[in-house]
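# Chains, contacts and geometry: an overview
One-letter residues, chain by chain:
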Amino acid sequence: HTKNRKLRPLTLCSSEKFMVRLNKNGGPKNPEKVDRLCALFTDLSNKDMKRDLYIISQVIRTGRMLLNDSKKGPAHVQYRRPYGCAVLAMSDVLQTISELKEEKDFVLKVYTCNNENEWYQVHDNIIRNGNCLSPGLIISLQLLRGDMELVRRENPLIFTKGVAITRKLGFPDVIMPGDVRNDLYLTLERGDFERGGKSVQKNIEVTMYVLYADGEILKDCISLGSGEPCFPEYRSFVLYHNNSPRWSEAVKLPIPIDRFRGSHLRFEFRHCSTKDKGEKKLFGFAFTPLMREDGTTLSDDSHELYVYKVRRSRCSPGFKPPSFWDSFIHDFLVFQRSSKETFWISTQLSSTKLTQNVDLLALLKWKAHPERVMDILGRLRHVSGEEIVKFLQDILDTLFSILDDNTEKYGPLVFQSLVFIINLLRDSKYYHFRPVMDTYIQKHFAGALAYRELIRCLKWYMDRSAEVVRQDHIQEAMRALEYLFKFIVQSRILYSRATCGMEEEQFRTSIQELFQSNVVISPVFLSVFLSFSFLSLPPFPPPAPLQDTSVQEEVEMMVESLLDVLLQTLLSIMSKSQSQEAVRGQQYVSCLLSLLRQMTDAHFQHLIENFHSKEELKEFLLKILCVFRNLMKLSIFPRDWNVMRLLTSHIILTTAQHLSPALHKNFAQSDFDFKVWNSYFSLAVLYINQPSLQLENLSPAKKKKVLDRYGDMRVIMTFQLFSMWQNLGENKIHFIPGMIGPFLGVTLVPQVELRNIMIPIFHDMMDWEQRKNGNFKQVEAELIDKLDSLVSEGKGDENYRELFGLLLLEKIEQETWRETGTSFVTSVTRLMERLLDYRDCMKGDETENKKIGCTVNLLNFYKSEINKEEMYIRYIHKLCDMHLQAENFTEAAFTLLLYWELLHWEERPLKDFLHYPAQSQWHRKESLCRRVIHYFNKGKCWEFGIPLCRELAFQYESQYDYQSLSWIRKMEAAYYDNIMEQQRLEPEFFRVGFYGRKFPFFLRNKEFVCRGHDYERLEAFQQRMLGEFPQAIAMQHPNQPDEATLQCDAQYLQIYAVTPVPDSVGVLQMERVPDRIKSFYRVNNVRRFRYDRPFHKGLKDRENEFKSLWIERTTLILSHPLPGISRWFEVEQRELVEVSPLENATSVVENKNQELRTLISQYQHKQLHGNINLLSMTLNGVIDAAVNGGIARYQEAFFDKDYITSHPEDTEKITQLKDLMQEQVHILGLGLAVHEKLVHPEMRPLHKKLIDQFQMMRNSLCHVSLHELKEELPSLF
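Residues numbered from 1 in each chain as written. Predicted model: local features only at pLDDT ≥ 70, side-chain atom pairs only at ≥ 80, totals over all residues. Heavy atoms only, no water.

Per an unreviewed UniProt entry, the chain is named Dedicator of cytokinesis 3, and its organism is Oryzias sinensis. What UniProt records for the chain under Subcellular location (unreviewed entry) is the sentence "Cytoplasm". Recorded under Sequence similarities (unreviewed entry), the UniProt text for the chain is reproduced unchanged: "Belongs to the DOCK family." (UniProt positions renumbered as here; feature names shortened; annotations may be inferred.)

Here you go:
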């Protein structure tokens, strides 16, 4: 009567419904439920919370068919009619309610559905776009975490409101034993019905009943939602004039288990008239049984039910369709199936007692067919894992029930089934059901006699482990050992309780025989053996050292028989890389720790004395130290097992303290063994550095707990390590330089007492190397190398830097080699200063400029002070990468050039290094040269790339590599073309002072000159620097800061523009050199920069300020020329001079003449085409200034007889100024001649104005003769 077919799902429901009945005013229909409309949605997992969850509220109206019906009075018949829907996206509110401990209100906007045909998916439409808005619902939400028992205990007030428990559809992630559930969820999907001769479509209502086999309607077996009582019948809502309604309405059927078999569902279909007569005409029905004949339930799927027509003659008011199967068969000829009408439902069963699997049902009902038990047990493997974990308790109860029924016959099959189930829980998909198994064993398992058969079957497997060729079944049994023994132990406990400990000796004997079987030891097997061995010992860990002599003897026996086996097995497991093996190793580790914890000093003493030779003792020490080191390195226990990790550390520390005297006594002095001592020191270093002991990372409360329980175990181990180091004597030299790095890592742990103990060891190392070699080069080299890597990993701080220098300088002061020692320690502390700056810049959100500056500082230190070439080269490449990322291509080229300069054109082989392969020095230098040339090209600094092209060309020519020679010559030629043709901007330069103690060391109280970016002016540069140093304050004056500013705990930035003073003066003075070439030399390879500050000495002359206008000229000399490996370099020298008013005037006129000459030359040689606005404006500016002031003012100030008389020493300078003025007139005349040739006719008036003003300027210069001008500029007259 049903056919299954998959339907395309809409938004999937995650939970049952919570139902609330409201009156027309929006309040509870039942007044007693005021303030009690509360639901608790349960069993939402973390996985559920990460999905797109929505709270969907469907509003169903009860009343007349049409909302706008004009009839007065109460409706004669009530219909359920769709009204509206509201949706709240949980992703919008989860973060809010997760942080609150109380309820928070949310408003749900209710959207009406204009087309009832779309009602079934209205919530999906709302999620996508929304519809028409109606008044809203107010709900309060609160997120509660934990299981139901915890929630009840922590929130008792919620449950006093009569909260409705609203369960998840389906099962939670874990089903604990005792959780009984039997719910069938049915969704009314859709139907297709005939019109039946009517002119309009029907208004169809579906009524559903649950009927037992005898035709009785089951009461209270239909729930529309939690919060309301159950009903004997369900009536669907009615969709107006719709012969193909789609309801998608879900109900819950909580049918008693004993009534499930034989029950069926009956669906009646009625047409509801809009006339208010109360008439509902039955026109058909459908039904489906809940169980199949084989005892399985209706499958979780969509089902198409046949619709049976009801003839009109049968439609009397008292008529009822057949209520059970026999009646239907009897009336088959009366009720014919309608071939054109269909009805669809879907079901989902959530039951821990009923199943849809035939094989599982046969197992649970095995007593009905005892002759089939063997076959039933064999078919258990075909049942899906989901079904097994769902019915885990019932299955286990059944298996042990079968075992009790006939142990001899069914024992092996029950054992195999148990092994299958246990191994199923090893699968990651079902691993979280292991606690369910544990709970079952502890609280529900009742097989008091099961241990006998389990031991017998297990021994049978173990005895045949070496004989059987195919060992799949044996391996499966070995994998299930842990839970098999848990069943054995619990079964024996139950038996002992019931019989007051009878047959104890037989049990122990069977266990010993089991352990003596021919089987490869596994972690679980050994842990079980130790568990049985420790039965007579106090619980782990013991509250105090063991005093009982018999117990001590048992511990001693286990040490002798098991300790070495444990260590060997752990080493074997730890050598495997598989994480699964590491997890299995937990059980071994737990056994080892249990054993070591039970051991006293006497046990250790006896253990050491039992070794027959030092070789045996050495082998044992190496094993146990290696296991301890692996415990530190491998993640044997999960990271959040802090208590276990601390306990492990405590046991290791105690064991090391017990074993260290044996190490010192047997392997020091003449019997020194490097391998054992090195293993011990390596363990100590790993121990001190392990993350679980870094108390600085814990909260104050946790830190106090650890200190109260164990103390700072790092300090205790450090004392132990230092003591052992002191016992080495002259053998210390064997650990130089090998232990320098590890010991340095220990000193960088942020614990003051630990640092005070360990730092002096470096003095010891320096002293012993000095004695042996006459220097301490190895200590020096290793310390610097390791310090760089350790600080870059985030270790070390300013306090460490100060303490390192203080302690070592104090120790070195007494030595004969104190001069070299002091120099070395000072260099190391200065290196630390730079490394800490570098690390702070790299790990923070610092700007590229700050990172680059810090790297340059560190790179120069490695080159100049420490001379560590490898570190120097590493930082060269780090700096180059930073420049490339910031698109500073010229600086990247200069940086890489540093490495290029270290190499030579020779065939000496080089090892692979950084990203370079193993190659000859010649080839590496060649590849570097090509990269540098490429970067100079991208930075448009072709003049720097050309000498490298020539260098490379010379090498290719000497190698007769004409193909490469041709390529490099073409590139060189292209660079010359680029110089002449491509436009390049002249950058501006800025002087920056960093004042105050808040700046990093490499900037603090220093001044730099920075090469600005293209188009970057002073204001933009100042904003950029303030952005890079947001805490800095901009100084508003150019004066040098006072001492208070330098020492204050703040940041001050002093920024102003400076002018480059080029060294290549020769090329700039050549008239025929194009300005594009000169432009490069004006702003590149510059080391001197100038800043002029005008001031008036004495009283300011109000009539002519040029008379008293002096210039304070500051020249800054950098440590390196710009551009270079950085966009900025430190000022290493300042020169300050005062320029007199006459010298200033001379300089101004000379510079202006040079500017005019260059511009006019460009127009004469047609380097500037078309637009002559630049020439017009420049000529106008000079001539107009000369007329209205400028030269005339200079003439008035310095050519005056009084000035000449009072300053006889300036005679030569005055003459120079006169010559420059005459030269300017000559240049202006040439400029006007060029302007006349190029000027546009429309601009002739401007040209005429310039000539007139030039005449006035010429007349004002009394030393320029009219005759000379006429000869030079005839065209103007």
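That covers the picture; the talk isn't over yet.
## Here's the deal with the overall build of the chain
A tally of helices and strands in the chain yields 49 helices and 24 strands. Excluding contacts between residues fewer than 6 apart, the proportion of contacts in the chain whose partners are at least 24 apart in sequence is 72%. (Helix = DSSP H or I, 4+ residues; strand = E, 2+ residues; numbered from the N terminus. Contact = heavy atoms within 4.5 Å.)

## Some words on the pattern of salt bridges
If you walk through the whole model with that rule in mind, you get 57 salt bridges. One salt bridge connects Glu476 with Arg381, and the closest N-O pair in it is separated by 3.4 Å. Separated by 95 residues along the polypeptide, Glu476 in helix α15 (residues 472–479) and Arg381 in the loop between α9 (373–378) and α10 (385–390) bring together distant segments of the chain. Judged by relative accessible area, Glu476 falls into the partly exposed class, the value being 21%. Each member of the salt-bridge network shares a partner with another, and the members are Glu205, Glu233, Arg235 and Lys280. (Salt bridge = Lys/Arg side-chain N within 4 Å of Asp/Glu carboxyl O. Buried < 20%, exposed > 50% of the residue type's maximum accessible area, 1.4 Å probe, protein only.)

## Things to note about the nonpolar core
Ranked by size, the top nonpolar core spans 184 residues in total, and within it Trp677, Phe681, Phe743, Met765 and Phe994 carry the most contacts. Sorting elements by how many residues they give to this core places helix α23 (residues 642–667) first, with eleven residues. (Core = buried A, V, L, I, M, F, W, Y, C linked by side-chain atoms within 4.5 Å.)

## Observations concerning a nonpolar patch on the surface
Nonpolar side chains collect at one region of the surface, where Val20, Leu22 and Leu37 lie side by side and expose about 210 Å² of accessible area between them. With respect to the helices and strands, the residue Val20 is situated in the loop between β1 (2–4) and β2 (39–41). (Patch = residues over 30% accessible without salt bridge, like charges linked within 9 Å, V, L, I, M, F, W, Y side chains within 5 Å. Areas by Shrake-Rupley, 256 points an atom, 1.4 Å probe, with all protein chains shown as cover.)

## What to know about the pairing of strand β12 (residues 264–272)
Burial runs high along β12: nine of the nine residues are buried. Taking every second residue as pointing to the same face, both faces of β12 are buried, with His264, Arg266, Glu268, Arg270 and Cys272 on one and Leu265, Phe267, Phe269 and His271 on the other. Here eight bridges tie strand β9 (residues 204–211) to β12, and the two strands are oriented antiparallel to one another. If you follow Thr207 over to β12, its bridge partner there is Glu268. Both β12 and strand β13 (residues 280–289) contribute to a ladder of nine bridges, which runs antiparallel. Opposite His264, over in β13, you have Pro289 as the bridge partner. (Pairing = 2+ DSSP bridges.)

## Some details on the packing of helix α35 (residues 889–902) against helix α36 (residues 921–938)
Packed helix pairs are characterised by how far apart their axes lie and by the angle those axes make with each other. It is the contact of α35 with α36, at a shortest axis distance of 8 Å, that shows an interaxial angle of 165 degrees. Comparing the axis directions of α35 and α36 gives the class roughly antiparallel. Viewed along their axes, α35 and α36 form a crossing whose handedness is left-handed. On α36, the residues touching Phe889, Thr890, Ala892, Ala893, Phe894, Leu896, Leu897, Tyr899, Trp900, Glu901 and Leu902 of α35 are Gln921, Arg924, Lys925, Leu928, Cys929, Arg931, Val932, Tyr935, Phe936 and Lys938. (Axes fitted to C-alpha atoms, helices over the stretch in contact; angles between N-to-C directions. Parallel < 35°, antiparallel > 145°, perpendicular 65-115°, else oblique. Left-handed = near helix turned anticlockwise from the far one by under 90°.)

## Some thoughts on the environment of Ala974
Relative to the elements of secondary structure, Ala974 occurs in helix α38 (residues 962–981). Note: C-alpha distance between Ala974 and Trp942 (32 residues apart in sequence) is 9.3 Å.

## Quick word on the side chain of Asp764
Relative to the helices and strands, Asp764 resides in helix α29 (residues 760–773). A relative accessible area of 13% places Asp764 in the buried class. Side chain to side chain, Asp764 and Lys732 meet in a polar contact 2.5 Å long. The residues contacting Asp764, other than those within four sequence positions of it, are Trp725, Gln726 and Lys732. (Polar contact = N/O pair within 3.5 Å; in protein donor to acceptor, adjacent residues only side chain to side chain.)

## Topic: the packing of aromatic side chains
By the definition in use, this model includes 48 aromatic pairs. Ring geometry for Phe400 versus Phe487: centroids 5.3 Å apart, planes at 45 degrees, classification tilted. Here Phe487 lies in helix α16 (residues 481–499) and Phe400 lies in helix α11 (residues 392–405), a separation of 87 residues in the sequence. Of the two residues, Phe400 and Phe487, both sit in the buried class. For the ring pair Phe762 and Phe804, a centre distance of 6.3 Å and an interplane angle of 50 degrees mean the geometry is tilted. Remark: Phe804 occurs in helix α31 (residues 798–812) and Phe762 occurs in helix α29; sequence separation between them is 42 residues. Summarising the burial analysis for this pair, Phe762 and Phe804 share the class buried. Three or more aromatic residues joined by ring pairs make a cluster, and in this case those are Phe672, Phe674, Trp677, Tyr680, Phe681, Trp725, Phe735 and Phe743. Over the ring of Phe283 we find Lys202; its NZ or CZ atom is 3.8 Å from the centre of that ring. Arg259 extends its terminal NZ or CZ atom over the ring of Tyr212, reaching a point 4.4 Å from the ring centre. (Phe/Tyr/Trp six-rings, centres within 6.5 Å; stacked < 30°, edge-to-face > 60°. Lys NZ or Arg CZ within 6 Å of the ring centre and 35° of its normal.)

## What about α36?
Since the α-helix packs 3.6 residues into each turn, any two residues three or four apart lie on the same face. Look at α36: 26 Å from first C-alpha to last across 18 residues, which is about the 26 Å you get at 1.5 Å a residue. Inspection of α36 places Gln921, Trp922, Arg924, Lys925, Glu926, Leu928, Cys929, Val932, Ile933, Tyr935 and Phe936 among the buried residues, and these make up the whole buried set. Looking at the packing, one finds that the buried side of α36 touches α34 (869–885), α35, β16 (909–910), β17 (919–920), α37 (942–958) and α38. (Expected span 1.5 Å × (residues − 1).)

## Some words on the packing of α36 against α38
Close contact between α36 and α38 brings their axes to 12 Å; oriented N to C, the two are set at 20 degrees. Considering the angle they form, α36 stands roughly parallel to α38. Remark: the crossing between α36 and α38 carries left-handed chirality. Within the contact between the two elements, α36 uses Arg930, Ile933 and Asn937 and α38 uses Ser964, Trp967, Ile968, Met971, Tyr975 and Asn978. For the contact of α36 with α38, a count of residues per class yields five nonpolar, three polar and one charged. (Nonpolar A, V, L, I, M, F, W, Y, C, P; charged D, E, K, R; others polar.)

## A short note on the side chain of Gln955
Looking at the element boundaries, Gln955 is found in helix α37. Side-chain polar atoms of Gln955 contact the side chain of Trp922, separated by 3.3 Å. Gln955 has contacts with Trp905 and Trp922, leaving out every residue within four places of it along the chain.

## A look at the environment of Ile165
With respect to the element layout, Ile165 can be found in strand β7 (residues 164–166). When the C-alpha positions of Ile165 and Phe18 are compared, they lie 8.7 Å apart, and in sequence the two are 147 residues distant. In this view, Ile165 contacts Glu16, Leu40, Thr42, Met148, Phe159 and Ser226; residues no more than four positions away in its chain are not counted.

## Here's the deal with the confidence of the model for the chain
Averaged over every residue, the pLDDT of the chain is 81; the share at 70 or more is 88%. Per-element confidence in the chain is highest for strand β18 (residues 989–995), whose mean pLDDT is 94, and lowest for helix α49 (residues 1266–1272), whose mean pLDDT is 37. The model gives residues 1–10 a pLDDT under 50, and that stretch makes 31 contacts with residues more than four places away or in other chains. This stretch, residues 1263–1277, has a pLDDT under 50; its non-local contacts, to residues over four places away or in other chains, come to 19 contacts. (pLDDT = per-residue confidence, 0-100.)

## Some thoughts on unusual backbone geometry
A cis amide bond, omega 10 degrees, links Ile736 with the succeeding residue Pro737. Tracing the sequence through the fold places Pro737 in the loop between α26 (713–726) and α27 (740–747). Going from Leu1122 to Pro1123, the amide bond is cis rather than trans, its omega being -5 degrees. Structurally, Pro1123 can be placed in the loop between β23 (1109–1122) and β24 (1128–1139). A positive phi is found at Glu887, a non-glycine position, where the angle reads about 60 degrees.

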